[in-house]
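Each chain, letter by letter, is given below.
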Amino acid sequence: HQAMYQGKRNGRNNYAFFTRQMSEQALRNLQIETDLRRAVDNNELELFYQPQTCSRNEKVTGVEALIRWRHPNLGLLSPLQFIPIAEDSGQIIQNGHWVFRQACHQAQAWQRNGWEDLRVAINISPRQFQDIHFIDKVDAIIEETGIDPTRIELEITETILMDSTQLCLNTLTDLKVRGFTIAIDDFGTGYSSLMYLKNFPIDRLKIPREFIMDIEDNIDKSCVVEAIIALSHSLNLGLVAEGVETRNQLDFLLERCHCSIQGYYFASPMTLLAVNHYIGENRDQESSLEVSLSTNSASTAAVSS
Ligand code: C2E
Ligand code: MG
Ligand code: MG
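Basis of the calculations
- Residues numbered from 1 in each chain as written.
- Chains lettered and ligands numbered in written order.
- Predicted model: local features only at pLDDT ≥ 70, side-chain atom pairs only at ≥ 80, totals over all residues.
- Heavy atoms only, no water.
- Helix = DSSP H or I, 4+ residues; strand = E, 2+ residues; numbered from the N terminus.
- Contact = heavy atoms within 4.5 Å.
- Donors = N, O, S within 2.8 Å, 3.2 Å for Na, K, Ca; no water.
- Buried < 20%, exposed > 50% of the residue type's maximum accessible area, 1.4 Å probe, protein only.
- Salt bridge = Lys/Arg side-chain N within 4 Å of Asp/Glu carboxyl O.

Caption draft 1: Just the environment of Tyr265, in detail. Of note, Tyr265 is situated in the loop between β9 (260-262) and α13 (272-304). Every residue in contact with Tyr265, bar those within four places of it in the chain, is listed here: Val244, Glu245, Thr246, Arg247 and Leu250.

Now the structure itself:
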């Protein structure tokens, strides 16, 4: 009652306050929208990479490319601050193309560096996926970079699967024919039918961070994660767990499945320089392990002979 009375008494002021806030927000969005048009040409976009680690041997098997924007005045912007705006304005089609191209060039550079098995995941937005020139652009990128599509994973959302099913199926099939891996990002947060899991060519499910977050003390959430794991097993789909931050969360998963782990527990999204270093160290551990094993067996052999 008090609040209602207060609200009525201040009605006009509140209204003025909200409209000012709203117009400030609208102005800021408009500014972002305008600035974003020049961001590609001004070299302000950058890809960060977050490692995905095999739950069995803790080796980095892939990375997810995550866009960042070094805005001249606003500093480093998270995709959450501009991707929704770009999606609304349609600008995402250009930005997404830039991401795709950049990530494929990088994947190719890693291949030349000897990391042939490193998978690179790219987020595809609905507008981009539904663009009638999407497949043509993908083909142009394959041609330009010489990338082997089997090393690229495309992350799509349930939203994409929900609308215009036939078109979606055609595009997915076109991508599969070329060899791309398809993952469903934030699986279980949308409202799509489970039928598509059987009917559409999908390879992996990504368990969203929201479900992983309170696995330890929220029985409902842990049931949901268990259900996704069961589903992935019965449909023979791979799994990526996103947002793994603690040892407990990791143990929960290790006890139940084999999956890729993506989260702060192992590594955050990082610059190209940092991720090169991270993967280099991760792979060195492997080779140093091999060296020490072979040294051991050599010395054992020497002793026994
Ligand atoms: P996403 O594709 O689900 O990416 C995972 C997000 O979770 C990333 O946020 C990552 O930094 C964050 N994350 C991963 N592990 C942890 C963790 O352990 N703890 C916490 N707190 N967060 C974790 P980011 O980079 O801010 O990206 C947010 C979203 O923006 C992405 O969610 C994706 O939907 C979108 N996005 C990013 N890059 C692109 C892009 O190139 N194109 C499109 N269309 N969308 C993108
Ligand atoms: Mg993603
Ligand atoms: Mg996600």
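Caption draft 2: View of the coordination of the magnesium ion (ligand 2). Every protein donor of the magnesium ion (ligand 2) is listed here as Glu64 (OE), Asn123 (OD1), Glu155 (OE) and Asp185 (OD), and their distances to the metal cover 2.0 to 2.2 Å. Donor residues for the magnesium ion (ligand 2), ordered by position in the chain, follow E-x58-N-x31-E-x29-D. A separation of 4.3 Å is found between the magnesium ion (ligand 2) and the magnesium ion (ligand 3), which share Asp185 as a coordinating residue. Remark: Asp185 occurs in the loop between β6 (181-184) and α9 (195-199) and Asn123 occurs in strand β4 (residues 119-123); sequence separation between them is 62 residues. Taking the relative accessible area as the measure of exposure, Asn123 reaches 28% and is therefore partly exposed. Residue class for Asp185 comes out buried when judged on its relative accessible area of 9%.

Caption draft 3: Region of the structure containing the coordination of the magnesium ion (ligand 3). For the magnesium ion (ligand 3), the full set of protein donor atoms is Asp185 (OD), Asp186 (OD), Glu242 (OE) and Glu242 (OE), at a range of 2.0 to 2.8 Å. In primary sequence terms, the donor set of the magnesium ion (ligand 3) follows D-D-x55-E. Residue Glu242 is classed as buried on the basis of its relative accessible area of 14%.

Caption draft 4: Local environment of the pattern of salt bridges. Evaluation of the coordinates by the stated rule reveals 15 salt bridges. A salt bridge links Arg37 to Glu33; the nearest nitrogen and oxygen atoms lie 3.0 Å apart. Linking Arg37 with Glu33, this pair stays in helix α2 (residues 11-39), spanning four residues, or about one helical turn. By relative accessible area, Arg37 is classed as partly exposed at 46%. Salt-bridge contacts for Lys206 lead to Glu242; the nearest nitrogen and oxygen are separated by 2.9 Å. Placement of the pair is Lys206 in strand β7 (residues 204-207) and Glu242 in strand β8 (residues 238-242), with a sequence separation of 36 residues. Residue classification places Lys206 among the buried positions, given a relative accessible area of 0%. Shared partners join several salt bridges into a network, and the residues in it are Glu64, Glu155, Lys206 and Glu242.

None of the figures reported here should be taken as evidence of function without further support.
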